[in-house]
Amino acid sequence: MNILTLSGVRGGGGTTTVAGMLGDALHALGQRVLLVDLNASDLLRLHFDVAHGDDHGWVAAGFPSEWRRQAFELAPGLMLVPFGRAAIEDSGVSPLLHGDDFWVRALPGLVGDFDWVLFDCPPYPGRQAPALRFHSTLDVLVVRPDIAAHVLLAQIGLDETSHLLINDFDPSRPLERDVVKDWRRHYGARVLPQAICRDERLHEALACKQPITRYRPDADASQAARAIARWCLSP
């Protein structure tokens, strides 16, 4: 079983969108995929038409072994476990609760049922979910190629075992091209070979409560997601 942890260099960088479309792309390649939302914003569910007010979520589970009661089967071999913001709001549990310990204890029970478990992790610089990242097959930092992200990444640094996924890249902008060029020179092979270019249809897909890979399979972002999924499966 492979574990993929996805984090953003800051909020609003598109990590949740990437998690949804990459999980869907891996599933389309015949992989059994579990998507887990570790963010209190609880937005991953919206990409799969799960109502934001629904109270299902792993935070509502008493023990890690009970996560399946909070999950949604989106298709055979594709499951989603929302965060469960509504459960937090109803119970008064701290919104700072994170799933690092919960899911590390749940991992042994997932082996054999899934080929990939994708964790949509809270953004840096807090370095959330360190234990999950330690167990991960791939740890990916999702970044937009702008100056703010460039500075934040320089401050945070990229762990030696982590990879950089460039998202929302507009190659027509010289400054963004320069930022990407600098990252590729500095981080080398740890920058994923496939960037996700800016695509307005990503916003349309969310409005239709679908990952872009389902909403517009022919979109550039969908093709990028499939390329990244194939890269994940490469030896």
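Scroll up a little and you will see the structure.
Let me begin by describing the structure that accompanies this report. (Residues numbered from 1 in each chain as written. Predicted model: local features only at pLDDT ≥ 70, side-chain atom pairs only at ≥ 80, totals over all residues. Heavy atoms only, no water.)

## Description of the sheet that holds strand β8 (residues 196–197)
Taken together, the eight strands give an open sheet; going across it, the order is β3-β4-β2-β5-β1-β6-β7-β8, and neighbouring strands pair in mixed fashion. Across the chains shown, the open sheet's two edge strands, defined by having one partner strand only, are β3 (72–75) and β8. For strand β2 (residues 33–37) and strand β4 (residues 78–81), the ladder comprises four bridges, and the chain directions are parallel. Directly across from Leu-34, in β4, lies its bridge partner Met-79. (Pairing = 2+ DSSP bridges. Helix = DSSP H or I, 4+ residues; strand = E, 2+ residues; numbered from the N terminus.)

## Here we look at the nonpolar core
Most often, soluble globular proteins have nonpolar side chains that are buried together. Core analysis: the biggest nonpolar cluster contains 34 residues, and Leu-4, Leu-6, Leu-26, Leu-35, Trp-116, Leu-118 and Ile-196 have the highest contact counts within it. When residues no more than four places from it in sequence are discounted, the contact partners of Leu-6 are Thr-15, Val-18, Ala-19, Leu-118, Phe-119, Asp-120, Cys-121, Val-140 and Val-142. Counting residues in hydrophobic clusters, the runner-up holds 25 residues, among them Ile-3, Leu-38, Met-79 and Phe-114. (Core = buried A, V, L, I, M, F, W, Y, C linked by side-chain atoms within 4.5 Å. Buried < 20%, exposed > 50% of the residue type's maximum accessible area, 1.4 Å probe, protein only. Contact = heavy atoms within 4.5 Å.)

## Quick word on helix α9 (residues 220–233)
Taking 1.5 Å of rise per residue, the 14 residues of α9 would be expected to cover 20 Å, and the 20 Å separating its terminal C-alpha atoms lies within 8% of that figure. What α9 keeps buried is the set Ala-221, Ser-222, Ala-224, Ala-225, Ala-227, Ile-228, Ala-229 and Cys-232. (Expected span 1.5 Å × (residues − 1).)

## Looking at the side chain of Asp-139
You can see Asp-139 is positioned in strand β6 (residues 138–143). Its relative accessible area of 5% is what places Asp-139 among the buried residues. In terms of polar contacts, Asp-139 uses its side chain to reach the side chain of Ser-162, at 2.6 Å. Each residue touching Asp-139, except ones within four places of it in the same chain, is listed here: Thr-5, Tyr-124, Arg-133, Thr-161, Ser-162 and His-163. (Polar contact = N/O pair within 3.5 Å; in protein donor to acceptor, adjacent residues only side chain to side chain.)

## Considering unusual backbone geometry
At Asp-42, a residue that is not glycine, the phi angle is positive and equals roughly 60 degrees. Looking at where Asp-42 falls in the secondary structure, it is placed in the loop between β2 and β3. Overall, the relative accessible area of 0% leaves Asp-42 in the buried class. With a phi angle near 60 degrees, Asp-168 is a residue other than glycine that sits in the positive phi range. Residue position: Asp-168 is located in strand β7 (residues 162–169). What makes Asp-168 buried here is its relative accessible area of 17%.

## Quick look at the side chain of Ser-136
For Ser-136, the position within the fold is in the loop between α4 (130–135) and β6. The class of Ser-136 is buried, set by a relative accessible area of 15%. Reaching out from Ser-136, the side chain makes a polar contact with the backbone oxygen of Arg-133 at a distance of 2.7 Å. Ignoring anything within four residues of it in the chain, the contact list for Ser-136 reads Ile-3 and Thr-5.

## As for a nonpolar patch on the surface
On the surface, a cluster of nonpolar side chains totalling about 250 Å² of accessible area is made up of Ile-147, Val-151 and Leu-175. Tracing the sequence through the fold places Leu-175 in helix α6 (residues 174–187). (Patch = residues over 30% accessible without salt bridge, like charges linked within 9 Å, V, L, I, M, F, W, Y side chains within 5 Å. Areas by Shrake-Rupley, 256 points an atom, 1.4 Å probe, with all protein chains shown as cover. Salt bridge = Lys/Arg side-chain N within 4 Å of Asp/Glu carboxyl O.)

## A closer look at the pairing of β3
Within a regular strand, the side chains alternate between the two sheet faces. When β3 meets β4, the two strands line up antiparallel, connected through three bridges. Following the sheet pairing, Phe-72 is matched in β4 by Leu-80. What sits between β3 and β4 in their antiparallel hairpin is a turn of two residues, with Gly-77 showing a positive phi close to 90 degrees.

## Concerning the packing of aromatic side chains
Given two aromatic rings, their pairing is described by the distance between the two centres and the angle made by the two planes. Counted according to the given criterion, the structure contains six aromatic pairs. Taking the centre distance of 5.3 Å and the plane angle of 80 degrees together, the rings of Trp-58 and Phe-83 count as edge-to-face. Of this pair, Trp-58 sits in the loop between β2 and β3 while Phe-83 sits in the loop between β4 and α2 (85–91), and the two are 25 residues apart along the sequence. Per residue, the accessibility class of Trp-58 equals that of Phe-83, and both read buried. Look at Trp-58 and Phe-102: their rings are 5.2 Å apart centre to centre, the planes differ by 45 degrees, and that puts the pair in the tilted class. In this pair, Trp-58 is assigned in the loop between β2 and β3 and Phe-102 in helix α3 (residues 100–106), connecting sequence segments 44 residues apart. Since its relative accessible area comes to 2%, Trp-58 is described here as buried. Connected via pairs of aromatic rings, a cluster forms that spans Trp-58, Trp-67, Phe-83, Phe-102, Trp-103, Phe-114 and Phe-119. (Phe/Tyr/Trp six-rings, centres within 6.5 Å; stacked < 30°, edge-to-face > 60°.)

Take it as geometry only, folks, not as evidence of what the structure does.
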